[in-house]
Amino acid sequence: MMESRNLKELARGMAGGLPIALGYAAVSFSLGILMRNAGLDPVHGLIMSLLNNTSAGEAAALGIIASGGGYIELALSQLVINLRYALMAAALSLHLSSTLSLPRRALVGFDITDEVFALLVSQPRPVSEFYAYGIALVTIPCWAAGSALGIIFGDILPSSLVSALSVALYAMFVAVVIPPARRQWRILVLVIVSMAASWLVDSVMTSGVKTIVLTVAISALAALVWPVEEL
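Residues numbered from 1 in each chain as written. Predicted model: local features only at pLDDT ≥ 70, side-chain atom pairs only at ≥ 80, totals over all residues. Heavy atoms only, no water.

A.B. asks: It is not clear to me how the overall build of the chain should be interpreted in this structure. Could you clarify?
C.D. replies: The helix and strand tally for the chain stands at twelve helices and zero strands. When burial is assessed residue by residue, the chain has 36% of its 231 residues classed as buried. For the chain, restricting intrachain contacts to residue pairs at least 6 apart in sequence, the fraction spanning at least 24 positions comes to 77%. When the accessible surface of the chain is split by element, carbon and sulfur atoms take 72% of a total near 13,400 Å². (Helix = DSSP H or I, 4+ residues; strand = E, 2+ residues; numbered from the N terminus. Buried < 20%, exposed > 50% of the residue type's maximum accessible area, 1.4 Å probe, protein only. Contact = heavy atoms within 4.5 Å. Areas by Shrake-Rupley, 256 points an atom, 1.4 Å probe, with all protein chains shown as cover.)

A.B. asks: So what exactly am I meant to see when it comes to the environment of His95 here?
C.D. replies: For His95, the position within the fold is in the loop between α5 (83-93) and α6 (102-109). Look at His95 and you get buried, because its relative accessible area is 12%. Sequence spacing of His95 and Val127 is 32 residues, and the spatial spacing of their C-alpha atoms is 5.8 Å. If near-sequence neighbours (up to four positions away) are discounted, His95 is found in contact with Val121, Arg125, Pro126 and Val127.

A.B. asks: Sorry, what's going on with the packing of helix α7 (residues 114-121) against helix α8 (residues 129-154) here?
C.D. replies: Helix-helix packing: each pair is described by the crossing angle between the helix axes and the interaxial distance. Where α7 meets α8, the axes come as close as 11 Å, and the angle between the chain directions of the two elements is 150°. Classified by the angle between their axes, α7 and α8 sit roughly antiparallel to one another. Crossing angle aside, the handedness with which α7 passes α8 is right-handed. Mapping the contact onto sequence places Val116, Leu119 and Leu120 in α7 and Tyr131, Ala132 and Ile135 in α8. Class assignment for the residues of the contact of α7 with α8 results in six nonpolar, no polar and no charged. (Axes fitted to C-alpha atoms, helices over the stretch in contact; angles between N-to-C directions. Parallel < 35°, antiparallel > 145°, perpendicular 65-115°, else oblique. Left-handed = near helix turned anticlockwise from the far one by under 90°. Nonpolar A, V, L, I, M, F, W, Y, C, P; charged D, E, K, R; others polar.)

A.B. asks: Would you take a moment to explain the packing of α5 against α7 for this structure?
C.D. replies: Look at α5 against α7: their axes get within 11 Å of each other, and the N-to-C directions meet at 10°. Here α5 is positioned roughly parallel relative to α7, judged by the angle of their axes. Where α5 approaches α7, its residues Arg84, Tyr85, Met88, Ala91 and Leu92 are matched on the opposing element by Asp114, Phe117, Leu120 and Val121. In terms of residue class, the contact of α5 with α7 is built from seven nonpolar, no polar and two charged.

A.B. asks: Is there a simple way to explain unusual backbone geometry in this structure?
C.D. replies: Most peptide bonds take the trans form, and the phi angle of most residues other than glycine is negative. Omega for the bond connecting Arg125 with Pro126 falls within 30 degrees of zero, at -10°, which places this linkage in the cis form. Relative to the helices and strands, Pro126 is located in the loop between α7 and α8.

A.B. asks: What is the right way to read the UniProt feature "transmembrane region" (unreviewed entry) in the chain from this model?
C.D. replies: In this numbering, the UniProt entry assigns the feature "transmembrane region" (unreviewed entry) to residues 21-39, 59-76, 130-153, 160-178, 184-201 and 208-228. Annotated as residues 59-76, this span is 78% helix and 0% strand, and its ends, taken at the C-alpha atoms, are 14 Å apart. The span residues 130-153 carries 100% helix and 0% strand; its end-to-end C-alpha distance comes to 34 Å. (UniProt positions renumbered as here; feature names shortened; annotations may be inferred.)

A.B. asks: Is there a simple way to think about α7 in this case?
C.D. replies: In an α-helix, one turn spans 3.6 residues; hence positions three or four apart end up facing the same way. Among all positions of α7, only Val116, Phe117, Leu119 and Leu120 are buried. All buried residues of α7 project into a common sector of 165° when viewed along the axis, lining one side. (Arc of directions from axis to C-beta.)

A.B. asks: Is there a simple way to explain the packing of aromatic side chains in this structure?
C.D. replies: What describes a pair of aromatic rings is the distance from one ring centre to the other and the angle between the planes of the rings. This model, assessed by the stated rule, comprises four aromatic pairs. Where Trp185 meets Trp226, the ring centres are 5.5 Å apart and the plane angle is 85°; that geometry is what we call edge-to-face. A residue pair is termed long-range when its members are at least 10 positions apart, and Trp185 in helix α11 (residues 185-201) and Trp226 in the segment after α12 (207-225) qualify at 41 residues. When its relative accessible area of 25% is taken as the criterion, Trp226 is described as partly exposed. (Phe/Tyr/Trp six-rings, centres within 6.5 Å; stacked < 30°, edge-to-face > 60°.)

A.B. asks: Is there a simple way to think about the environment of Arg104 in this case?
C.D. replies: Inspection of the secondary structure puts Arg104 in helix α6. Each C-alpha atom of the pair Arg104 and Glu129 lies 7.9 Å from the other, and the pair is 25 residues apart in sequence. If we skip the residues at most four places from it in the chain, Arg104 touches Glu129 and Tyr133.

A.B. asks: Mind showing me how you'd approach the nonpolar core here?
C.D. replies: The tendency in soluble globular proteins is for nonpolar side chains to be buried as a group. Ranked by size, the top nonpolar core spans 27 residues in total, and within it Met35, Leu62, Ile112 and Leu120 carry the most contacts. Those elements giving two or more residues to this core turn out to be α1 (2-37), α3 (55-66), α5, α7 and α8. Tallying contributions element by element places α8 first for this core, with six residues. Each residue touching Ile112, except ones within four places of it in the same chain, is listed here: Tyr85, Met88, Leu92, Phe117 and Leu120. (Core = buried A, V, L, I, M, F, W, Y, C linked by side-chain atoms within 4.5 Å.)

A.B. asks: Help me understand the side chain of Thr54, please; the structure alone is not making it clear to me.
C.D. replies: Residue position: Thr54 is located in the loop between α2 (42-51) and α3. With a relative accessible area of 4%, Thr54 lands in the buried category. A polar atom in the side chain of Thr54 sits 3.0 Å from the backbone nitrogen of Gly57. There is a polar contact of 3.2 Å between the side chain of Thr54 and the side chain of Asn82. In contact with Thr54, not counting residues within four places along its chain, are Asn82, Tyr85 and Trp143. (Polar contact = N/O pair within 3.5 Å; in protein donor to acceptor, adjacent residues only side chain to side chain.)

Below you can see the structure in the form of structure tokens.
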């Protein structure tokens with residue numbers, strides 16, 4: 001009985017995660033173009049995306065790799081950029097069964113992304129771990145396969161199309177930022193400050209160091225100037 005219910009939750013998770021997986025395949029294809037430009041082959045790109053399910057983190061990592069940055073710089077940039085996922089995982093733990101062991105919670109938390117988190121927390125409590133596994137079974141392979149295909153077809157497609165696709169990932173970041181910036185003037189100010197600061201330090205900092213320093217500094221400044229009111 002228990003196994004049957006788990007299989008149903010697994011299948012339900014795969015069905016629920018399929019739209020996310022298809023979107024990931026499209027986005028990660030453009031990420032694969034960036035991987036190709038950074039000198040990665042399809043196998044390296046596949047492994048990288050299997051283990052690092054974050055577009056912003058991978059894009060920053062590729063910039064560091066392309067510029068010849070070091071391992072410490074690479075690790076710190078990933079820690080800063082992906083810190084929000086630790087907060088999401090902590091919030092998600094409240095939606096899981098209290099009897100779920102730590103290793104199994106960690107397994108659920110491995111595939112925490114913005115979209116997956118939103119899907120999981122929208123489910124009735126407690127969220128089945130097998131529902132989460134079902135989502136991961138379709139989203140992670142599509143993300144990784146899209147990256148590998150981007151590298152492969154980057155060598156086949158016309159150079160003009162490759163150049164166009166190489167900016168698609170950045171267009172996605174812009175699409176994420178613009179709506180909240182239009183609604184809240186504080187976010188717009190921070191976007192402008194971030195762009196100006198990035199331009200000013202571009203010649204004195206490597207890509208990874210710039211990401212670490214500006215993320216921490218501007219976030220801290222925003223927290224001091226505009227603290228979030230307690231609920």
